[in-house]
Amino acid sequence: MIIDVHCHVGHSPDQYVPDCSVETMLRTMDNLGIDIAIGCNTYCLTLMDFKGGTEFASRIYKESKGRLRNYFYYHPDYPEECLKIMSSFEGDPAFCGVKIHPALSYTDADDEKYRPVWEYASKHDLIIQSHTWDFSNYNPKQKYSYPLKFEKYVKEYSDVKLIIAHSGGRYGGIKAAAELGKRYSNVYFDTAGDIWVNGYIEYMVQNVGSDHIMYGSDYAMMDQRLMLGVVVGADIPLQDKENILCNTARKVFAKYF
């Protein structure tokens, strides 16, 4: 079994994807042996159609016979609307976590605007996945998602599992993410994104352990084969590869799988 914990389904206004249909995604997953994918749909994430996007996510779960799972989306500028929608879908098996994206929201990850979603996740036993990245001169909004900015809530809400998406993104961010992971056992990591550097997986396994790392692709913005190849080709024991591709996700999402 292979589980992709970071993907996106739906059209995005700022990126060309030739075919982002559910049918094509499932066919691609079949070709690669990926059994389950968990994602935040682009209607919530980039179009801020929170209600329509959540309804779409619930529908594709049924259409895929449970293979396409979903994260709710929480935007810090619309807390009441997002939490109301999440509450209205409580108990829907399509959802197994909530996504936040400080860079897209232009809101620091440690801002008080995020407290409601951490409280909600703690109360309802939901996993939080968040975009993270290193400081970037060419993309300055990434500063809002610097990994160490999550420490405030990770420490306070130790019962909530946080998935550090992209594992920090670039050199400085990856080092910071690993530092956070060493200090807090409720911090996990995914491999999604354009992080194609020799030794990346090996570094993360050495510093945080494969039992805290999960395969993610960033499909459809990225090809699922890319990070799959990075994991499979890493110079790590087979057991670590099995953890990253499946076992860690099954542990983190145990109540859903």
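Residues numbered from 1 in each chain as written. Predicted model: local features only at pLDDT ≥ 70, side-chain atom pairs only at ≥ 80, totals over all residues. Heavy atoms only, no water.

Participant: Can you tell me about the packing of helix H1 (residues 22-32) against helix H10 (residues 224-232), naming the residues and giving the values?
Facilitator: One can describe the packing of H1 onto H10 by two numbers: an axis separation of 11 Å at closest approach and a directional angle of 25 degrees. On the basis of the axis angle, H1 is roughly parallel to H10. Classified by chirality, the crossing of H10 by H1 is right-handed. Residues Thr 28, Met 29 and Leu 32 of H1 lie in contact with H10, whose contacting residues are Gln 224, Arg 225 and Leu 228. Tallied by class, the residues present in the contact of H1 with H10 amount to three nonpolar, two polar and one charged. (Axes fitted to C-alpha atoms, helices over the stretch in contact; angles between N-to-C directions. Helix = DSSP H or I, 4+ residues; strand = E, 2+ residues; numbered from the N terminus. Parallel < 35°, antiparallel > 145°, perpendicular 65-115°, else oblique. Left-handed = near helix turned anticlockwise from the far one by under 90°. Contact = heavy atoms within 4.5 Å. Nonpolar A, V, L, I, M, F, W, Y, C, P; charged D, E, K, R; others polar.)

Participant: Describe the packing of H10 against helix H11 (residues 238-252), naming the residues involved and giving the relevant values.
Facilitator: Each packed pair of helices is defined by two parameters, the angle between the axes and the distance between the axes. For the pair H10 and H11, interaxial distance at closest approach is 10 Å and the crossing angle is 150 degrees. Classified by the angle between their axes, H10 and H11 sit roughly antiparallel to one another. Taken together, the residues of H11 that come into contact with H10 (itself represented by Leu 228, Val 231 and Val 232) are Lys 241, Ile 244 and Leu 245. When the residues that make up the contact of H10 with H11 are grouped by side-chain class, the tally is five nonpolar, no polar and one charged.

Participant: Tell me about the pairing of strand S3 (residues 68-73), residues and numbers included.
Facilitator: S3 sits mainly inside the fold: six of its six residues count as buried. Taking every second residue as pointing to the same face, both faces of S3 are buried, with Leu 68, Asn 70 and Phe 72 on one and Arg 69, Tyr 71 and Tyr 73 on the other. Pairing geometry for S3 and strand S4 (residues 95-100), over three bridges, is parallel. Looking across to S4, one finds that Asn 70 is bridged to Phe 95. Viewed along the sheet, the connection from S3 through helix H4 (residues 79-88) into S4 turns out right-handed. (Buried < 20%, exposed > 50% of the residue type's maximum accessible area, 1.4 Å probe, protein only. Pairing = 2+ DSSP bridges. Right-handed = clockwise from strand over helix to strand, strands pointing away.)

Participant: Explain the pairing of strand S6 (residues 162-165) residue by residue, including any values.
Facilitator: Neither face of S6 is open: one carries Leu 162 and Ile 164, the other Ile 163 and Ala 165, and all of them are buried. Sheet topology note: the strand S5 (residues 127-131)/S6 ladder contains four bridges and is parallel. In the sheet register, Ser 130 faces S6, and the bridge partner there is Ile 164. Of the crossover connections in this fold, the one passing from S5 over helix H7 (residues 151-156) to the parallel S6 is right-handed. Where S6 lies against strand S7 (residues 187-190), three bridges are found, and the strand directions are parallel. Looking across to S7, one finds that Ile 164 is bridged to Phe 189.

Participant: Lay out the pattern of salt bridges with the relevant residues and their values.
Facilitator: Taken as a whole and assessed by the stated rule, the structure comprises 13 salt bridges. Across the salt bridge formed by Lys 152 and Glu 112, the nearest N and O atoms sit 2.6 Å from each other. Placement of the pair is Lys 152 in helix H7 and Glu 112 in the loop between helix H5 (102-105) and helix H6 (115-124), with a sequence separation of 40 residues. Assessed through its relative accessible area of 43%, Glu 112 is described here as partly exposed. For Arg 183, the salt bridge is made with Glu 151, and the minimal N-O distance between the two is 3.0 Å. Taken as a pair, Arg 183 in helix H8 (residues 171-183) and Glu 151 in helix H7 lie far apart in primary sequence, 32 residues in all. Through salt bridges that share partners, Glu 112, Arg 115, Lys 152 and Glu 156 make up one connected network. (Salt bridge = Lys/Arg side-chain N within 4 Å of Asp/Glu carboxyl O.)

Participant: Can you break down the packing of aromatic side chains residue by residue, with the values?
Facilitator: This structure, assessed with the given rule, holds 13 aromatic pairs. Considering the side-chain rings of Phe 50 and Tyr 78, the 5.6 Å spacing of their centres and the 55 degrees angle between planes classify their relative orientation as tilted. Of this pair, Phe 50 sits in helix H3 (residues 50-63) while Tyr 78 sits in the loop between S3 and H4; the two residues are 28 residues apart in sequence, bridging distant segments of the chain. With a centroid separation of 6.2 Å and 35 degrees between ring planes, the pair formed by Tyr 153 and Tyr 157 is classed as tilted. Joined through ring pairs, the aromatic side chains of Phe 50, Tyr 73 and Tyr 78 make up one cluster. (Phe/Tyr/Trp six-rings, centres within 6.5 Å; stacked < 30°, edge-to-face > 60°.)

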